[in-house]
Amino acid sequence: MNRQLTPVAAAIAFALAFHSIRAAPVDGASASSAKAASAATASRNAAVLQQLPFGDRADFEAARRGLIAPFEGKIRNANGEVVWDSHAYDFLLDDTAPATVNPSLWRHAQLNSNAGLFKVTDRVYQLRGMDLANMTVIEGDRGLIVIDPLMSTETARAALALYRKYRPAAPVVAVIYTHSHVDHFGGVRGVVDEADVKAGKVKIYAPAGFLGHAISENLFAGTAMFRRGMYQGGSTLPRGALGQIDAGLGKGAPRSATITLIPPTNLIAKDFETHVVDGVRIEFQLTPDTEAPSEMNLYLPTLRALCMAENVARTMHNVLTPRGALVRDAKGWSRYLDDSLVRYGDKAEVLFAQHGWPTWGGEGIRTLLADQRDMYAFINDRTLHLMNKGLTPNEIAEAIQKLPGELDKKWYARGYYGVLSFNVRAVYQRYLGFYDANPANLDPLPPVDSARRYVAAMGGSASVLALVRDAIAKGDYRWAAQIGNHLVFAEPDNKEAREAQAEALEQLAYQSEAATWRNMYLSGASDLRQGVPELATRATEDLVKAATPAMFFDFLAVRLDTEKAQGHDMTLNWRFDDVHQSFALTLRNGVLTQREGTQHAKSDVSVRMNKSVLDRISLRQLDFATALRQGDIRVEGNAGKLTELLGMLSTFKPAFNIVTP
């Protein structure tokens, strides 16, 4: 056995560690540097009151219907840190929207603030407003069926405790993950014990492909997606009329929380499957590549209750999320909604989803399903129509100003989470990619170089700054932000330029109907004024353990610095004894590739270990040197090659710049 690795063991252990980055953000910065709404912003927001049916209060009645007990107070983690605070949004109790918030968004944020235990229908209850998503509880014959156990163990445990305070304290006998997004499975250990799952006492249902999608989204692009998600959710912003007031689908994500995952025991693989779960008959409708790549709806025929997962929400959803993800199929999404309408529209008496509040009555259900079907079909088809007339993404976004017919006045079709102009550009990307066919855009200059030339061509920084301020004074904030961005990228240390750009972004935020856009604008303004905050990241143990060895090697390939790796060709054999999996790795031309289920006939170095050892190293519970010394890792051949490979890996840090170079 070759032990040449010991001198660099600490560095190797760090290189091996990969974290699924779902972090506890630092506390939001002070809002003291924020400016008031300008006259132009106040006027624009006031006009919204005349454009939409604010006299319609039906949603307020529906959002409070069935309330058994409100949730008021704080949820803390094991260290005593506040994970969730229901009073953080008490400022929304004011009926009148301040000038710094779009009145439509203020209304939506008020509705999302309803928190507590609600009865949906007989045997069906929801815990809402205690996390970004809803947790649904179905009372079975012997115990409880939990649909989507929220994002964190702390919030899920508190939600279940609130339920049991007012309903029978029955055990949880089944969990259903409706789809592969973390806010719908991360709290599972707050409601069930994995030992009971392994013993067969608790079943966990999920759509086919769930585990792979749940892990890959948090791994391969995890660092970039985490940073962008901080902007989208406004995680570092103070709560208040000058800061974060909502996240579109709910109030926001819990902070300093514990995210977990227990793999499903039962996968739904057919278009429609019926299972009897603890005496409750459930028909599962598989809907892949809709709101999530792995997703499903549920229908409870004896209760005449339809769960639409996240395929239906009280807002227009994202065809492409600003945090980043695969572009969704708007047309396919529309077709699945129509399938649900045809199959369940004349049967269901209540429709509930895993965000927002339910819809009662057959007519309301059919209208909601048809409206959201039409919405996603329009987004897809109208984009393609204009695309085939030669319009580019930004031209299409400007041409499609609103939804057709009555849709534009429907509250559940407003863009609080997804935004029409963003979604049509996403459809363009799905079909044609990012290139708009103009050869001038084939090889554009990088941002900093381009910005410097623009600033010079416009007469220098003083001239550009004057133009930015003039645009701000005229309320032309989109133009101010566009040219201000050039100035900031050309001169990132120019404090006057940064402040002017922050002011433009801030006013755009105040005008935004979308919670996500408001959060992104305000996060950009905060970074310009105060710099990028320190982001506390930590590993999500269950996701690390659930990642397959193949995913681990794929992530190593992502982390490999190709410039360093060129000229260091090598072959490696790697075997995980406990899961009986072998891999042949090849580093060639600065690219790392793998073959699963085989070994090189002759390799530079061979590594044998258990997957469980890799997990402990990845979670920094074990260092490489100790594992090697204990015999948990066995290396044969030229161990220096392994040291060489691991020394060429980059470690990604999420605190990268977005609004500055």
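In this report, we go over the structure that sits alongside the text. Source: prediction; values computed, not measured.

The number of helices and strands found in the protein chain is 23 helices and 23 strands. When the backbone C-alpha atoms are referred to their principal axes, the protein chain occupies close to 80 × 75 × 50 Å. Expressed as a percentage of the 661 residues in the protein chain, the buried residues total 56%. Sequence separation of at least 24 residues holds for 74% of the intrachain contacts in the protein chain that already meet a minimum separation of 6. If you average the places of the 72 positive and of the 72 negative side-chain charges in the protein chain, the two averages end up 2 Å apart.

What follows deals with the environment of D59. Relative to the elements of secondary structure, D59 occurs in helix 3 (residues 58-64). Separated by 255 residues in the primary sequence, D59 and R314 have C-alpha atoms spaced 9.7 Å apart. Aside from chain neighbours lying at most four places away, what touches D59 is R107, L111, R314, W357 and W411.

The next point concerns unusual backbone geometry. In this structure, L150 is a non-glycine residue whose phi angle is positive, near 60°. Here L150 lies in the loop between strand 8 (144-147) and helix 5 (153-166). Using a relative accessible area of 0% as the deciding quantity, one classes L150 as buried. Although it is not a glycine, S256 sits at a positive phi angle of roughly 50°. Within the fold, S256 resides in the loop between helix 8 (222-233) and strand 11 (266-268).

So, on to the pairing of strand 20 (residues 581-588). Two faces, one strand: in a regular strand the side chains alternate between the faces of the sheet. Of all 8 residues that make up strand 20, 6 are buried, and the element is covered over most of its length. Across 7 bridges, the pairing between strand 19 (residues 570-576) and strand 20 is antiparallel. In the strand pairing of strand 20, R575 is matched with S582. Examined bridge by bridge, strand 20 and strand 21 (residues 591-596) share 6 bridges and lie antiparallel to one another. Each bridged residue has a counterpart across the sheet, and for A584 the counterpart in strand 21 is R595. Counting the residues in the hairpin turn of strand 20 and strand 21 gives 2 residues, including N589, whose phi is positive at 60°.

Our next topic: the sheet that holds strand 9 (residues 172-176). Taken together, 8 strands build an open sheet; the order of strands is 2-5-6-7-8-9-10-11 and the sheet is mixed. A single partner strand is all that each edge strand has here, and the edge strands are strand 2 (67-70) and strand 11. Going across the sheet, the axis of each strand differs from the next one's by a mean of 20°, ignoring polarity. Sheet topology places strand 10 (residues 203-207) next to strand 11; 3 bridges connect them, and they run parallel.

Quick look at helix 12 (residues 420-432) now. Its 13 residues place the ends of helix 12 18 Å apart at the C-alpha level, agreeing with the 18 Å of an ideal helix rising 1.5 Å per residue. Those residues of helix 12 that sit buried are L420, S421, N423, V424, A426, V427 and Y428. Those residues of helix 12 that are buried are in contact with helix 9 (330-344), helix 10 (362-387), helix 11 (393-399) and helix 17 (515-530). Positioned one or two residues after helix 12, G433 has a phi angle of 85°, which is positive.

As summarised here, the arrangement of the 5 strands in space is 21-20-19-22-23, forming an open sheet in which the pairing is mixed. Looking at which strands have only one partner, the edges of the open sheet turn out to be strand 21 and strand 23 (634-637). Averaged over all adjacent pairs, the angle separating strand axes in this sheet is 20°, with direction ignored. Together, strand 19 and strand 22 (605-609) form the strand contacts of helix 21 (residues 611-618), whose direction differs from that of strand 22 by roughly 90°. Sheet strands touched by helix 23 (residues 639-646): strand 19, strand 20, strand 22 and strand 23. Its angle to strand 19, the strand with the most contacts, is close to 95°.

Rules and cut-offs
Residues numbered from 1 in each chain as written. Predicted model: local features only at pLDDT ≥ 70, side-chain atom pairs only at ≥ 80, totals over all residues. Heavy atoms only, no water. Helix = DSSP H or I, 4+ residues; strand = E, 2+ residues; numbered from the N terminus. Buried < 20%, exposed > 50% of the residue type's maximum accessible area, 1.4 Å probe, protein only. Contact = heavy atoms within 4.5 Å. Lys, Arg positive; Asp, Glu negative; His and termini not counted. Charge placed at Lys NZ, Arg CZ, Asp CG, Glu CD. Pairing = 2+ DSSP bridges. Axes fitted to C-alpha atoms, helices over the stretch in contact; angles between N-to-C directions. Expected span 1.5 Å × (residues − 1).

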